[in-house]
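# Notes for the structure review
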Amino acid sequence: MSPAAFLRALTPLGWLVTGVAMLAVVALVLGGLGFRWDPFDLARRRADRAEAAAVVAQGNAAARSAEAGGQAGQVARLDAALETHRRIDAVTTRSTLEARAADDADHSLSPDRIDRLRAHDRELCRIAPDLGGCAAASDPAGDGVPAL
């Protein structure tokens with residue numbers, strides 16, 4: 001059968017099948033050449049959703065990083081405060097024991113007791129200079145020695 005006779009023998013359904021087959025062949029050839037047909041712009045929508053998800057993920061990662069940094073700083077500040085507390089407690093305990101064991105513990109303040117108290121105050125100010133009454137704070141006595 002010749003091609004012309006074949007085309008004349010096609011019924012309307014045959015023409016429809018032939019047209020669909022030709023469109024499929026053309027789509028395959030164009031697809032192989034790199035042409036893409038996206039009438040609903042689905043690829044752009046997928047890319048937009050992926051970019052939005054990436055932005056949210058970066059924001060979450062930055063928040064977690066800042067949170068971890070803040071927590072590390074808080075732990076360091078807490079450790080420093082606890083170390084200061086331990087040192088102040090040790091100095092105060094030693095000073096208290098010396099004051100109780102002193103010969104003049106039951107008498108009014110003598111110059112020796114005042115000197116011990118001032119030495120203790122200086123030690124506390126050396127450990128924690130931001131305490132009230134330290135040299136960094138205002139000194140109403142005016143002689144550079146913390147007031148008792």
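Residues numbered from 1 in each chain as written. Predicted model: local features only at pLDDT ≥ 70, side-chain atom pairs only at ≥ 80, totals over all residues. Heavy atoms only, no water.

### A few points about the overall build of the protein
The number of helices and strands found in the protein is four helices and zero strands. Sequence-ordered secondary structure for the protein, helices as α and strands as β, is α-α-α-α. Residue burial in the protein is summarised as follows: out of 148 residues, 11% are buried. In the protein, the share of contacts with a sequence separation of at least 24, taken over all contacts with a separation of at least 6, comes to 48%. (Helix = DSSP H or I, 4+ residues; strand = E, 2+ residues; numbered from the N terminus. Buried < 20%, exposed > 50% of the residue type's maximum accessible area, 1.4 Å probe, protein only. Contact = heavy atoms within 4.5 Å.)

### Focus on the pattern of salt bridges
In the structure shown here, the tally under the stated rule is five salt bridges. One salt bridge in this structure joins D48 and R44, with 2.8 Å as the shortest N-O distance. Of this pair, D48 and R44 both sit in helix 3 (residues 42-101), four residues apart, which is roughly one turn of the helix. Judged by its relative accessible area of 44%, R44 is partly exposed. A salt bridge links E123 to R126; the shortest N-O distance between them is 2.7 Å. Of this pair, E123 and R126 are both found in helix 4 (residues 111-127), three residues apart, which corresponds to roughly one turn of the helix. The exposure class of E123 is partly exposed, given its relative accessible area of 22%. Of the residues examined, R126 reaches a relative accessible area of 53% and is grouped as exposed. (Salt bridge = Lys/Arg side-chain N within 4 Å of Asp/Glu carboxyl O.)

### Remarks on the confidence of the model for the protein
Per-residue pLDDT for the protein has a mean of 84; in total, 90% of the residues score no lower than 70. Per-element averaging of pLDDT across the protein places helix 1 (residues 3-9) at the bottom with 74 and helix 3 at the top with 93. (pLDDT = per-residue confidence, 0-100.)

### Digging into the packing of helix 3 against helix 4
At a closest axis distance of 10 Å, the pairing of helix 3 and helix 4 adopts a crossing angle of 175°. As judged from the angle between their axes, helix 3 and helix 4 are roughly antiparallel. Counted together, T84, R87, I88, V91, T92, S95 and A99 of helix 3 and R116, H120, E123, L124, R126 and I127 of helix 4 form the full contact between these two elements. Residue composition of the contact of helix 3 with helix 4, grouped by class: five nonpolar, four polar and four charged. (Axes fitted to C-alpha atoms, helices over the stretch in contact; angles between N-to-C directions. Parallel < 35°, antiparallel > 145°, perpendicular 65-115°, else oblique. Nonpolar A, V, L, I, M, F, W, Y, C, P; charged D, E, K, R; others polar.)

### Structural notes on helix 2 (residues 12-32)
The end-to-end C-alpha distance of helix 2 is 30 Å, a good match for the 30 Å that 21 residues give at a rise of 1.5 Å each. Just beyond helix 2, the residue with positive phi is G34, at close to 105°. (Expected span 1.5 Å × (residues − 1).)

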